[in-house]
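Per-entry structural report
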Amino acid sequence: MQTVAVIDYGMGNLHSVAKALEHVGAGKVLITSDADVIREADRVVFPGVGAIRDCMAEIRRLGFDSLVREVSQDRPFLGICVGMQALLDSSEENNGVDCIGLFPGQVKFFGKDLHEDGEHLKVPHMGWNEVKQTVSHPLWHDIPDLARFYFVHSYYIAAGNPRQVVGGGHYGVDFAAALADGSRFAVQFHPEKSHTHGLQLLQNFAAWDGRW
């Protein structure tokens with residue numbers, strides 16, 4: 001049976017993610033902060049919620065920045081929400097935070113005065129939003145284009161390499177909802193809270209060989 005390591009650095013909706021992975025039959029799901037367990041896993045999930053400064057402080061304290069660079073190179077790797085944002089170069093949050101830098105680009109604030117068509121948009125962006133599949137990818141298997149996923153975020157990703165954007169969202173501004181590069185895939189939304197389509201994405205991740 002394959003193992004899926006859900007990285008525990010104290011900042012994530014870990015049990016919801018683990019339960020959803022178990023529900024789709026992903027294998028033996030381990031919530032762990034043990035670097036050796038993570039290295040030995042067949043697949044790795046990197047979730048996150050909360051302030052990016054706190055997340056990055058814990059990631060660096062535990063040495064998970066270098067660990068994430070290592071394990072995401074040679075096996076299926078999935079970043080979720082702040083776990084996705086942490087993979088970028090930097091974030092505007094808290095007057096600027098350096099991140100892991102696996103994907104070029106910056107995490108930007110939606111702003112306090114976000115409008116569209118004369119309507120004030122609340123920040124954080126919280127709720128269901130369409131995701132445009134900009135590139136075909138194995139993790140989109142059996143998920144229709146413009147399917148709706150559940151988002152909770154005040155900051156959005158401005159990708160530095162458009163070719164890595166495989167899913168796009170729009171909330172006042174266009175933003176990267178999904179990024180991919182080799183065996184790495186990352187999403188701004190919460191698949192574990194996105195019902196049928198989110199579970200399908202996790203099932204696709206469980207079956208993916210990491211090639212793209």
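Under an unreviewed UniProt entry, the name given to the protein chain is Imidazole glycerol phosphate synthase subunit HisH, and the source organism is Pseudomonas wuhanensis. Regarding the protein chain, the relevant UniProt record gives this comment under Subcellular location (unreviewed entry): "Cytoplasm". Per its UniProt entry, the protein chain bears the Function (unreviewed entry) comment "IGPS catalyzes the conversion of PRFAR and glutamine to IGP, AICAR and glutamate. The HisH subunit catalyzes the hydrolysis of glutamine to glutamate and ammonia as part of the synthesis of IGP and AICAR. The resulting ammonia molecule is channeled to the active site of HisF."

Here we look at the UniProt feature "active site" (unreviewed entry) in the protein chain
Mapped onto this structure's residue numbering, the UniProt feature "active site" (unreviewed entry) falls at Cys-81, His-190 and Glu-192. Judged by maximum C-alpha separation, these annotated positions cover 112 residues in sequence but sit close together in space, the widest gap being only 11.0 Å. Looking at the element boundaries, Cys-81 is found in the loop between strand 4 (77-80) and helix 5 (82-85). Contact partners of Cys-81, with chain neighbours within four places excluded, come to Gly-48, Val-152, Val-187, Gln-188, Phe-189 and His-190. Mapping His-190 onto the fold places it in the loop between strand 15 (184-187) and helix 6 (195-207). Residues in contact with His-190, not counting those within four places in the same chain, are Val-49, Ile-80, Cys-81, Tyr-150 and Val-152. At a separation of 2.8 Å, a polar atom in the side chain of His-190 contacts the side chain of Glu-192.

Each value, and the rule that gives it
- Residues numbered from 1 in each chain as written.
- Predicted model: local features only at pLDDT ≥ 70, side-chain atom pairs only at ≥ 80, totals over all residues.
- Heavy atoms only, no water.
- UniProt positions renumbered as here; feature names shortened; annotations may be inferred.
- Helix = DSSP H or I, 4+ residues; strand = E, 2+ residues; numbered from the N terminus.
- Contact = heavy atoms within 4.5 Å.
- Polar contact = N/O pair within 3.5 Å; in protein donor to acceptor, adjacent residues only side chain to side chain.

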